[in-house]
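A structural walkthrough
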Amino acid sequence: MDKMKNGCIVCNMGHSNTEIDVLSLKTADLTWEKVRSQVDHVIWPSGKRMVLLAEGRRVNLSCSSVPSFVVSITAATQALALIELFNAPSGRYKADVYLMPKLMDEFVSSLHISAFEAHLTELSEEQAKYMGLSKTGPFKPNYYRY
């Protein structure tokens, strides 16, 4: 990083938090100056400065305007989809785009509902029959797409 130009902006847009060697910048020779939230200047003894975003963490998570709650839902959905793909019998899926099964999407929702200080109750047989649904879901009609 010593060879980078004065005023360069360094950020991590990768897949892990270890892609920038931030530890090597935390030395007695270099001065850190907080500019504002998620923005630091790292200053060399020569006066050269580098703008470091999110202390080297992934900016797509650290500095994004996407709420962490949405990131949690997305990550949980992706994890369940990967588990399904890993455990699926050979040949079940071909290289294509698939819609998430509604039951899987509703399961992810049920995992996050406590964040709203809410809870789910099970439909009675009478309620399920009236709405034309299974007691266990999915709870949206077939024409509904998330």
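Structural data are supplied above this passage.
To start, this report covers the structure provided alongside it. (Residues numbered from 1 in each chain as written. Predicted model: local features only at pLDDT ≥ 70, side-chain atom pairs only at ≥ 80, totals over all residues. Heavy atoms only, no water.)

Turning our attention to the overall build of the protein. Within the protein, the secondary structure is distributed over 4 helices and 4 strands. Counting from the amino terminus, helix and strand elements in the protein follow one another as β-β-β-β-α-α-α-α. Its C-alpha atoms give the protein a radius of gyration of 24 Å, more than 25% over the compact-globule value 15 Å for 146 residues. For the protein, the spread of C-alpha atoms along the three principal axes comes to 75 × 40 × 25 Å. Within the span of the protein, comprising 146 residues, buried residues form 23% of the whole. Counting contacts in the protein only where the partners sit at least 6 residues apart, residues at least 24 apart contribute 49% of the total. Taken as a whole, the protein presents about 11,100 Å² of accessible surface, with 58% of it coming from carbon and sulfur. Charged side chains in the protein number 16 positive and 15 negative. The centres of these two groups are separated by 6 Å. (Helix = DSSP H or I, 4+ residues; strand = E, 2+ residues; numbered from the N terminus. Rg over C-alpha atoms; globule rule 2.2 N^0.38 Å. Buried < 20%, exposed > 50% of the residue type's maximum accessible area, 1.4 Å probe, protein only. Contact = heavy atoms within 4.5 Å. Areas by Shrake-Rupley, 256 points an atom, 1.4 Å probe, with all protein chains shown as cover. Lys, Arg positive; Asp, Glu negative; His and termini not counted. Charge placed at Lys NZ, Arg CZ, Asp CG, Glu CD.)

Counting residues in hydrophobic clusters, the biggest one holds 10 residues: C8, V10, I20, V22, L25, L30, V42, W44, M50 and L52. Leave out the neighbours within four places in its chain, and V22 touches W32, L52, E55 and G56. (Core = buried A, V, L, I, M, F, W, Y, C linked by side-chain atoms within 4.5 Å.)

Buried within helix 3 (residues 102–112) are the following residues: K102, M104, D105, E106, V108 and H112. Elements in contact with the buried residues of helix 3: helix 2 (68–87).

This part takes up the side chain of D40. Note on placement: D40 falls in strand 3 (residues 39–43). Classification of D40 as buried rests on a relative accessible area of 5%. Excluding its chain neighbours within four sequence positions, the residues that come into contact with D40 are W32, E33, K34, V35, M50, V51, L52 and E55.

Moving on to the layout of surface pockets. Size it by volume and the largest pocket reaches roughly 360 Å³. Lining the largest pocket are 15 residues, and of these E106, F107, S110, L120 and F139 lie nearest its centre. Residue composition of the lining of the largest pocket, grouped by class: 6 nonpolar, 4 polar and 5 charged. By volume, the second largest pocket is sized at about 200 Å³. Around the second largest pocket, the lining residues are A81, L82, E84, L85, Y93, D96, V97, Y98, L99, M100, P101 and M104. Counting residues per element, the lining of the second largest pocket draws most heavily on helix 2, at 4 residues. (1 Å grid on protein atoms, 1.4 Å probe; cavity = no way out; pocket = protein on both sides within 12 Å on 5 of 7 lines; lining within 4 Å. Points joined across faces, edges and corners; volume = space filled by probe spheres on them. Nonpolar A, V, L, I, M, F, W, Y, C, P; charged D, E, K, R; others polar.)

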